[in-house]
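Read off the chains here:
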Amino acid sequence: MATIAANIRLIKATFKLGTDTYTEHVSQYEFVPTTPSISYTDVGGVVHKLAADESDWTLNLTLLQDFSATGLAKYMLDHAGDEAEVEIVDGPATWTAAVTCVPPRIGGAPKTVGTSQIALPSSKPSWAATPA
């Protein structure tokens, strides 16, 4: 059996929504799958667990509360419910997905940077090798 070396790296990405790049607006991203499972108990009392073929996906973002005309938070607020294409280039991987915009939280504690955590319903992210 072969030993496969790990490609350990720091996360350093760019974030694009539609045709605009918002890298400076996003401090964290993660695509999260939710794979539903179904259980069925037969008359003999045996539990059968079945995993669904498709996962639902969510793109979790932490973003600045930049509500200026060109801010990502303002875009999300103005386009809540609209679908948009995201592209995240993270080292050797380029991820693309269709997401549904949701409004961010507004406000927070004083003397802190205003950020919001949002969960965007997403299609399954597509992977492509980042061009060299």
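Rules behind the numbers
Residues numbered from 1 in each chain as written. Predicted model: local features only at pLDDT ≥ 70, side-chain atom pairs only at ≥ 80, totals over all residues. Heavy atoms only, no water. Salt bridge = Lys/Arg side-chain N within 4 Å of Asp/Glu carboxyl O. Helix = DSSP H or I, 4+ residues; strand = E, 2+ residues; numbered from the N terminus. Buried < 20%, exposed > 50% of the residue type's maximum accessible area, 1.4 Å probe, protein only. 1 Å grid on protein atoms, 1.4 Å probe; cavity = no way out; pocket = protein on both sides within 12 Å on 5 of 7 lines; lining within 4 Å. Points joined across faces, edges and corners; volume = space filled by probe spheres on them. Nonpolar A, V, L, I, M, F, W, Y, C, P; charged D, E, K, R; others polar. Core = buried A, V, L, I, M, F, W, Y, C linked by side-chain atoms within 4.5 Å. Contact = heavy atoms within 4.5 Å.

A few words now on the pattern of salt bridges. As enumerated under the stated definition, the model contains one salt bridge in all. Between D78 and K74 there is a salt bridge whose closest N-O contact spans 2.7 Å. Here the residue D78 and the residue K74 both occupy positions in helix α1 (residues 72-78), the gap between them amounting to four residues, near one helical turn. Under the relative-accessibility criterion, D78 is labelled partly exposed at 47%. Take K74: its relative accessible area is 25%, and that puts it in the partly exposed class.

To continue, consider the layout of surface pockets. By volume, the largest pocket is sized at about 160 Å³. Residue lining of the largest pocket: I11, K12, A13, T14, F15, T23, V26, S27, Q28, Y29 and I88, and that is the complete set. If you list the elements that add at least two residues to the lining of the largest pocket, you get β1 (13-17) and β3 (26-34). Looking at which element gives the most residues to the lining of the largest pocket, the answer is β3, with four residues. Along the lines of polarity and charge, the residues of the lining of the largest pocket split into six nonpolar, four polar and one charged.

Turning next to the nonpolar core. Residues F15, L17, L59, L61, L72, V86 and L120 are the most contacted members of the largest nonpolar core, which totals 21 residues. Contributing elements (two or more residues each) for this core: β1, β3, β6 (56-64), α1, β7 (83-90), β8 (93-100) and β9 (115-122). A total of four residues in this core trace back to one element, the largest contributor, which is β6. Apart from the residues lying within four places of it in its own chain, the contact partners of L59 are F15, Y29, E30, F31, V86, I88, V99, I118, A119, L120 and S122.

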